[in-house]
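Residues per chain, in single letters:
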Amino acid sequence: LGKMPEGTVISMCEDKAADRGRLARASGCSCMVVGHSDDGKKTRIRLPSGSRKTVPSTCRAVVGIAAGGGRMDKPVLKAGNNFHKYK
């Protein structure tokens, strides 16, 4: 994350270094790099919820948005699909 410029859209961002990606993993989710600290050890990102989080700059992330963005736009069509959705 330390080498990415501000405004970069990322997904599957690590919370701690080498934890294999914890943030913004759901379909269509993404984070954005907001800024870096002056010493270059911390990076500030904006999460999909809108809150901001400070993570170490050694964390890794995938550039881009996770696939499957329009998943919730399709209508349910049947009552049975709605019934099984919450089971």
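Predicted model only: the values in this text are computed from it and were never measured.

Criteria and thresholds
- Per chain, residue numbering runs from 1 following the sequence as it is written.
- Since the coordinates come from a predicted model, pLDDT governs what is reported: local features require at least 70, and pairs of side-chain atoms require 80 or more to be given and counted, while whole-chain, interface and lining totals use all residues.
- Hydrogens and water are ignored here; the side-chain numbers use all heavy atoms of the structure.
- By the criteria applied, helices consist of DSSP H or I runs no shorter than four residues and strands consist of E runs no shorter than two, each listed in order from the N terminus.
- Here the globule rule is a power law, 2.2 Å times the number of residues to the power 0.38, and the radius of gyration is based on C-alpha atoms.
- Only protein chains enter the calculation, and the probe is 1.4 Å; a residue is then buried if its accessible area is under 20% of its type maximum, exposed if over 50%, and partly exposed in between.
- Residue contacts follow a heavy-atom distance rule, with two residues in contact if any of their heavy atoms lie within 4.5 Å.
- Positive: Lys, Arg. Negative: Asp, Glu. His and the chain ends are not part of the count.
- Charge positions come from single atoms, namely NZ of Lys, CZ of Arg, CG of Asp or CD of Glu.
- The salt bridge definition used is simple: a Lys or Arg side-chain nitrogen within 4 Å of an Asp or Glu carboxyl oxygen.
- Two strands are said to pair when DSSP picks up at least two bridges between them.
- Side-chain atoms alone can form a polar contact between residues adjacent in sequence; in general such a contact is a pair of N or O atoms within 3.5 Å, and within protein one must be able to donate a hydrogen while the other accepts it.

*Asks:* I keep staring at the overall build of the protein and nothing clicks. Help me out?
*Replies:* Check the secondary structure of the protein and you find one helix and five strands. Beginning at the N terminus, the succession of helices and strands in the protein can be written as β-β-β-β-β-α. The C-alpha atoms of the protein give a radius of gyration of 16 Å, which is well past the 12 Å a tight globule of 87 residues would have. Here the protein holds 87 residues, and the buried ones make up 24% of them. Long-range pairs, those at least 24 residues apart, make up 49% of the contacts in the protein with a sequence separation of at least 6. Computed over 17 positive and 7 negative side-chain charges, the separation of the two mean positions in the protein equals 11 Å.

*Asks:* What is the right way to look at the environment of Lys-78 in this model?
*Replies:* Structurally, Lys-78 can be placed in the loop between β5 (62–63) and α1 (79–85). With 30 residues separating them in the primary sequence, Lys-78 and Pro-48 have C-alpha atoms 30 Å apart.

*Asks:* Just to check I follow, could you spell out the pattern of salt bridges for this structure?
*Replies:* Think of it this way: side chains of opposite charge can pair up when their charged atoms draw near. Using the criterion set out here, one finds three salt bridges in the structure. Among the salt bridges present, the one from Arg-60 reaches Glu-14, with a minimum N-O distance of 2.8 Å. Here Glu-14 lies in the loop between β1 (9–11) and β2 (31–36) and Arg-60 lies in the loop between β4 (52–56) and β5, a separation of 46 residues in the sequence. Of the residues examined, Glu-14 reaches a relative accessible area of 2% and is grouped as buried. Here Asp-19 ties to Arg-22 by a salt bridge, and the two come within 3.8 Å at their closest N and O atoms. Classification of Arg-22 by relative accessible area gives exposed; the value is 57%.

*Asks:* Before we go on, may I ask you to explain the pairing of β2 in this structure?
*Replies:* In the case of a regular strand, side chains alternate between the two sheet surfaces. Direction of pairing for β1 relative to β2: antiparallel, over a ladder of two bridges. Within β2, the residue paired with Val-9 across the bridge is Met-32. Sheet topology places β2 next to strand β3 (residues 42–46); four bridges connect them, and they run antiparallel. Bridged to Val-33 within β3 is Ile-45. The hairpin formed by β2 and β3 contains five residues between the paired strands, and Gly-40 there has a positive phi angle of roughly 80°.

*Asks:* Is there a simple way to think about the side chain of Glu-14 in this case?
*Replies:* From its side chain, Glu-14 meets the backbone nitrogen of Arg-20 in a polar contact 3.4 Å long. Side chain to side chain, Glu-14 and Arg-60 meet in a polar contact 2.8 Å long. Not counting the four nearest positions on each side in its chain, Glu-14 is found in contact with Asp-19, Arg-20, Gly-21, Arg-22, Leu-23, Val-55, Cys-59 and Arg-60.

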